[in-house]
Amino acid sequence: MATLRRLAVFTALILSTFAVDRNNFKSCQQSSFCRRHRALKPGESPYNFQIDSMKVSDAGVVGDVVNEKNKGLFVLELYPIKDSTIRIKINEKNPIKPRFEEPFAVVGSLSPEKFEVLDKSSNGFTLKFGTSQVVLQASPLKIDLYSHGQLVVSTNARGLLKFEQYRNKVENENPPQDGEEQPNTLLDDEDDKDGLWEETFKGHTDSKPNGPSSVGMDISFVNSKHVYGIPEHADSFSLKETTSTDPYRLYNLDVFEYEVDNPMALYGSVPVMVSHTAQQSVGIFWHNAAETWIDIKKLPDTNVVSSITGFFSGGDSDPPQVSTHWFSESGIIDLFVMLGPRPTDVFRQYGEITGNNPLPPLFSLSYHQCRWNYNDEEDVRQVHENFDKYDLPLDVMWLDIEYTDGRRYFTWDTHKFPHPLEMTANLTARGRKLVAIIDPHIKRDSNYFFYKECHDRDLFVHTKDGAEFDGWCWPGSSAYLDFTNPEAANFYSDTYMLDRFKGSTLDTFTWNDMNEPSVFNGPEVTMQKDNIHPGLGVEHREVHNVYGMLFHQATYEGHLRRSENRLRPFILTRAHYAGTQRTAAVWTGDNTADWNHLRITVPMLLSLVVTGIPHVGADIGGFFGNPDSYLLSRWYQASAFQPFFRAHAHLDTKRREPWLFDEETLHIIRSALRQRYQYLPLWYTLFYENELTGTPAMRPIWVDFPEDEASFGIDYEHLIGSALLVRPVVDQGATSASVYFPPGLWYDVQDLTRYTGPSSATVAAPRDKIPVFQRGGSIIPRKDRVRRASALMRDDPYTLVVALDIEGKAQGTLYMDDEHTFDYRQGKYLYLEFSYADGVLTSKKIDPNGSFDTSSWLERVIIVGLKQQPSKVILKSSSLGTRELEKSFIDGDSNHASQLTIRKPGINMREAFTITVQ
């Protein structure tokens, strides 16, 4: 066992020392199905829809498609879904075995939309529903989608549809003699026959018992110049052309010290893409959990379509467009098209398909402290006590793999962590929580209770030969639970019960890492594709990208069970897929302590949030390497305005807790932490609204300024809600930053410098400042009494910051509840609206059904942008009556806005009130 442990550590050190080695991961040229799809020539599609086979039901339209080249038969299904969404499915008609249809991402039953079929002829038909239309061309098959009369998406317009059917391998490939039946090989349309039945990469051979089974199709976004999404890649937010590079790859992989500005696959795969123009937003969800590649080609706006393939209308006025080409190794074509027309509509429509992020507990939006590893209980105690000593707020301490007994999860190292309950109690006494890591690799040791119990129940993934799969990871020889098997998932979830996971408490939460899954000795550092998941009876290739999500879903379920569904779980995952938002937050994995990795953080996070995963962040300071004080302080400033706010570092890095740096750096980090805690009411409100609508808290500018074309390519700044504009400083030595201001008034939150957009300006950004601006017309709730942990601020008073627009108006919202249970779903909450107009600030309930007994009160109102000093301020409420309030006024100038501070209104936040400025 000691030898195995040393070898596991050695393997990990080798991987981390040499950083990412591209040779460990496939290129498109090394992937046979990627080569085949990329080799297709536009405009030569052999797929035709058979009009005479068409059947119409209340759910949609179904008909046959034939590949005229090899006579393969398929079924096309079109299902209009309520809220301007269409589902397009293509499957084999009579496969030799059923094709796998991924059952995990889509939630519940989707509500069908009423429709009518128009203009049916031998050439095709039109399907009309709501304000949308689907126009199907029969030969060759092409499906155009219209929103409000405008063509926005076209599928198979370039003729790149390809669906490889299951087939029987024929060893003797001699052609049949007269009268003999043609064997079902279907290989007559394959020029590249290398890798059809097996494929070898770096000594690993992938068997393919059913031969090639990939599916692909081109999807074009009309009138578009920008597409976003398909995380996870360390690349720009507006996705780049791939005509001279590999396609973007979606295949969950453990990539150490990944490169930036690169389409390589990383830890997660969300096959969702959003296109946005000034007139229209549209999204697509390519519902497939197998390895997937996406090519992107941006076509100019002069005679493009006719010059390439003649798709759409042709002629001299063809629109610009982004043509994308999607292809997956297996499964079926299952495409959801969400027709907007606005960004918030697309977010809502996608949320109806895969679910929204449930409101997280407030502590999870606060500051987290982690490293691999805090050494022992004394180390944990000293760290969180030093946060108090140096006046630094902290909500969560984290433990990496070394807290376990020899990397056996659900156990503790009895020498380093002999008293976990006492250790956790010391944290909770200060309002803090503990997070401990649980990874999917289970040490193969018959004396380890969890392995033995799972082994005896046959709950692990199998090899293609039916044996228990043995992979290599942190514990050495490891088995991997088959989470497609409900018995395995349930057994794992039950192990979080406090009588099973001894030493844990209801204040112990979970971090799921390495769940791509990472297999050190496997192909591309992951699991063999021809492994078998007995639960569904499918190969791993079918479920690879969803495996990590099934793992963290089972973790979430375990947390629900241990509290009898009373407390909100918090789970962090590295691997992710469409639907991850329902049960976990995500971080961007093993980044590096350099300025480029800080720079790429915002594009990576924006790519995640627009594809439905809002609770996201990156390791502060970089996981690998040693940031200097300047890089670290700039990283804290940026991360304080990102959803998930955690510092983390590799085992071999120098300790980097804030007090280990100079006094100036400590001061900057303290200020960043305090800013985060002041704005927690805003973050919490935005995450509640995300559960309702799907609109993310952190967002690109074009979400709130959809017609502002100048913002469509910007990924160096972002919004928090619609009210804060954040411009992280990501250049070494920079003391200023170029900021783009969207339309309207914007106020620097520190010195009230006023800017009017749309415009760009260079603003001062000395080392101790991150440029942040409040939008004119917004009201932001804050809590300015920052304490050691957010739980201790629960009953503290609020400050309202009212930033006036050019008309002297503003509005905002505030959500309140107990911050950690599901009682809010039983009506125990307050959801308030504040508005300011004509000198009157009012507060009222948005939802009158919500009620929450809070002790929090209104301590201060700050009004920015008044044109003149008021004579008095009057409060009116049912409990306090009418009374004059204290005030002070700082006059503005040509560059700076005025500030009126109203002190101690003293009204409880649950009560309606008016404050009149006279």
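Quantities reported herein were computed from a predicted structural model and do not represent experimental measurements.

Conventions and cut-offs
Residues numbered from 1 in each chain as written. Predicted model: local features only at pLDDT ≥ 70, side-chain atom pairs only at ≥ 80, totals over all residues. Heavy atoms only, no water. Helix = DSSP H or I, 4+ residues; strand = E, 2+ residues; numbered from the N terminus. Rg over C-alpha atoms; globule rule 2.2 N^0.38 Å. Buried < 20%, exposed > 50% of the residue type's maximum accessible area, 1.4 Å probe, protein only. Contact = heavy atoms within 4.5 Å. Areas by Shrake-Rupley, 256 points an atom, 1.4 Å probe, with all protein chains shown as cover. Core = buried A, V, L, I, M, F, W, Y, C linked by side-chain atoms within 4.5 Å. Disulfide = S-S within 2.5 Å. Pairing = 2+ DSSP bridges. Axes fitted to C-alpha atoms, helices over the stretch in contact; angles between N-to-C directions. Polar contact = N/O pair within 3.5 Å; in protein donor to acceptor, adjacent residues only side chain to side chain. Salt bridge = Lys/Arg side-chain N within 4 Å of Asp/Glu carboxyl O. pLDDT = per-residue confidence, 0-100. Parallel < 35°, antiparallel > 145°, perpendicular 65-115°, else oblique. Nonpolar A, V, L, I, M, F, W, Y, C, P; charged D, E, K, R; others polar. Arc of directions from axis to C-beta. Phe/Tyr/Trp six-rings, centres within 6.5 Å; stacked < 30°, edge-to-face > 60°. Lys NZ or Arg CZ within 6 Å of the ring centre and 35° of its normal.

(A) The overall build of the protein, seen in detail. The helix and strand inventory of the protein stands at 13 helices and 50 strands. A globule of 918 residues ought to have a C-alpha radius of gyration of about 29 Å, and the protein, at 28 Å, matches this closely. Projected onto its principal axes, the C-alpha positions of the protein cover 100 × 70 × 50 Å. The buried share of the protein, reckoned over its 918 residues, is 65%. Long-range contacts, defined as pairs at least 24 residues apart, comprise 72% of the intrachain contacts of the protein with a sequence gap of at least 6. Element-wise, carbon and sulfur atoms account for 46% of the exposed surface of the protein, whose accessible area totals about 32300 Å².

(B) Summary view of the nonpolar core. Counting residues in hydrophobic clusters, the biggest one holds 170 residues, and the most contacted among them are Phe285, Tyr367, Tyr492 and Tyr636. Counting 47 residues, the second largest nonpolar core, distinct from the first, contains Phe74, Leu78, Ile86 and Phe221.

(C) Molecular detail of the state of the cysteines. Summed over all chains, the structure comprises one disulfide. One disulfide in the model links cysteine 28 with cysteine 34; its S-S distance is 2.0 Å. The sign of the -100 degrees torsion about the S-S bond sets the cysteine 28-cysteine 34 disulfide as left-handed. Comparing cysteine 28 with cysteine 34 shows no difference in burial state: the two are buried. Free of any disulfide, cysteine 454 has its nearest neighbouring cysteine sulfur in cysteine 473, separated by 17 Å. Under the relative-accessibility criterion, cysteine 473 is labelled buried at 0%.

(D) Representation of the pairing of strand S49 (residues 899-903) within the structure. Pairing geometry for strand S45 (residues 858-864) and S49, over five bridges, is antiparallel. Its bridge partner being in S49, valine 864 is matched across the sheet by glutamine 899.

(E) Quick peek at the sheet that holds strand S24 (residues 441-443). If you walk across this open sheet you meet the three strands as S24-S26-S25, and the pairing is antiparallel. On the outer flanks of this sheet lie S24 and strand S25 (471-473), each paired with one strand and no other. Recorded for the sheet is a direction-independent mean angle of 60 degrees between the axes of neighbouring strands. Taken together, the three bridges between S24 and strand S26 (residues 476-480) define a ladder with antiparallel strand orientation. Bridging from a neighbouring strand, lysine 443 pairs with serine 478 of S26.

(F) Representation of the sheet that holds strand S21 (residues 367-369) within the structure. The strand order across the open sheet built from eight strands is S32-S31-S30-S27-S23-S22-S21-S33, with neighbouring strands paired in parallel fashion. Single-partner strands in this sheet number two, and they are strand S32 (616-617) and strand S33 (645-647).

(G) The arrangement of helix H8 (residues 486-494) in detail. Those residues of H8 not exposed but buried are Ala488, Ala489, Phe491, Tyr492 and Ser493. Structurally, H8 contributes buried residues whose contacts are with helix H7 (449-456), strand S27 (508-512) and helix H9 (540-562). Sitting at the head of H8, asparagine 485 places a side-chain oxygen 3.0 Å from the backbone nitrogen of glutamate 487.

(H) Main features of the side chain of arginine 646. Relative to the assigned elements, arginine 646 resides in strand S33. The class for arginine 646 is buried, based on a relative accessible area of 1%. Polar contacts involving the side chain of arginine 646 include one to the side chain of aspartate 619, which spans 2.8 Å.

(I) Main features of the pattern of salt bridges. Counted under the stated rule, the structure contains 63 salt bridges. Taking the shortest distance from any N to any O, the salt bridge between glutamate 199 and lysine 26 comes out at 3.5 Å. With a gap of 173 residues between them, glutamate 199 in strand S11 (residues 198-201) and lysine 26 in the loop between helix H1 (2-17) and helix H2 (32-38) connect regions that are remote in the sequence. You'll find glutamate 199 and lysine 26 in the same group, each marked buried. For glutamate 664, the salt bridge goes to arginine 767, with nearest N and O atoms at 3.1 Å.

(J) Spatial organisation of the confidence of the model for the protein. Looking at the protein as a whole, its pLDDT mean stands at 94, while 94% of the residues score no less than 70. In the predicted structure, residues 301-316 sits below a pLDDT of 50 and forms 38 contacts with residues beyond four places in sequence or in another chain.

(K) Focus on unusual backbone geometry. With omega at 25 degrees, the peptide bond leading from proline 231 into glutamate 232 counts as cis. Position of glutamate 232 among the secondary structure elements: in the loop between strand S14 (227-229) and strand S15 (248-250). Omega for the peptide link from tryptophan 372 to asparagine 373 comes to 5 degrees, which places this bond in the cis form. Within the fold, asparagine 373 resides in the loop between S21 and helix H5 (377-389).

(L) Fine view of the environment of aspartate 395. Within the element layout of this structure, aspartate 395 appears in the loop between H5 and strand S22 (396-399). Take aspartate 395: its relative accessible area is 0%, and that puts it in the buried class. In this structure the C-alpha to C-alpha distance between aspartate 395 and glycine 617, which are 222 residues apart in sequence, comes to 16 Å. Not counting the four nearest positions on each side in its chain, aspartate 395 is found in contact with Phe363, Ser366, Tyr367, Arg432, Lys433, Tyr677, Ala789, Ser790 and Ala791. Engagement of the side chain of aspartate 395 in a polar contact is seen with the side chain of tyrosine 677, the distance being 2.8 Å.

(M) Highlighting the environment of alanine 737. Checked against the element boundaries, alanine 737 lands in strand S37 (residues 736-748). Spatially, the C-alpha atom of alanine 737 lies 8.0 Å from that of proline 771, the residues being 34 residues apart in sequence. Those residues within four positions of alanine 737 in sequence are excluded, and the remaining contacts are Arg727, Ala761, Thr762, Val763, Ala765 and Pro771.

(N) The packing of H5 against helix H6 (residues 420-428), seen in detail. Packing of H5 against H6 brings their axes to within 11 Å, and their N-to-C directions diverge by 0 degrees. When the axes of H5 and H6 are compared, the pair comes out roughly parallel. Side by side, H5 and H6 meet where Glu377, Val380 and His384 of the first sit next to Pro420, Met423, Asn426 and Leu427 of the second. Taken together, the residues of the contact of H5 with H6 break down into four nonpolar, two polar and one charged.

(O) Summary view of H7. Taken together, the buried positions of H7 are occupied by Phe450, Tyr451 and Cys454. Projected down its long axis, H7 carries its buried residues within an arc of 100 degrees, all on one side. Where H7 ends, the next residue or the one after it, aspartate 458, has phi of about 55 degrees, a positive value.

(P) Structural view of the packing of aromatic side chains. A complete count under the given rule lists 58 aromatic pairs for this structure. Between the NZ or CZ atom of lysine 97 and the centre of the ring of tyrosine 166, over which it lies, the distance is 5.9 Å.

(Q) The pairing of strand S40 (residues 778-782), seen in detail. Burial analysis of S40 places five of its five residues in the buried class, which makes it a mostly covered element. With burial as the criterion, each face of S40 is covered, one bearing Ser778, Ile780 and Arg782 and the other bearing Ile779 and Pro781. As defined by bridge partners, S40 adjoins strand S41 (residues 798-803) across five bridges and the pair is classed as antiparallel. By the bridge assignment, isoleucine 779 is partnered in S41 with valine 802.

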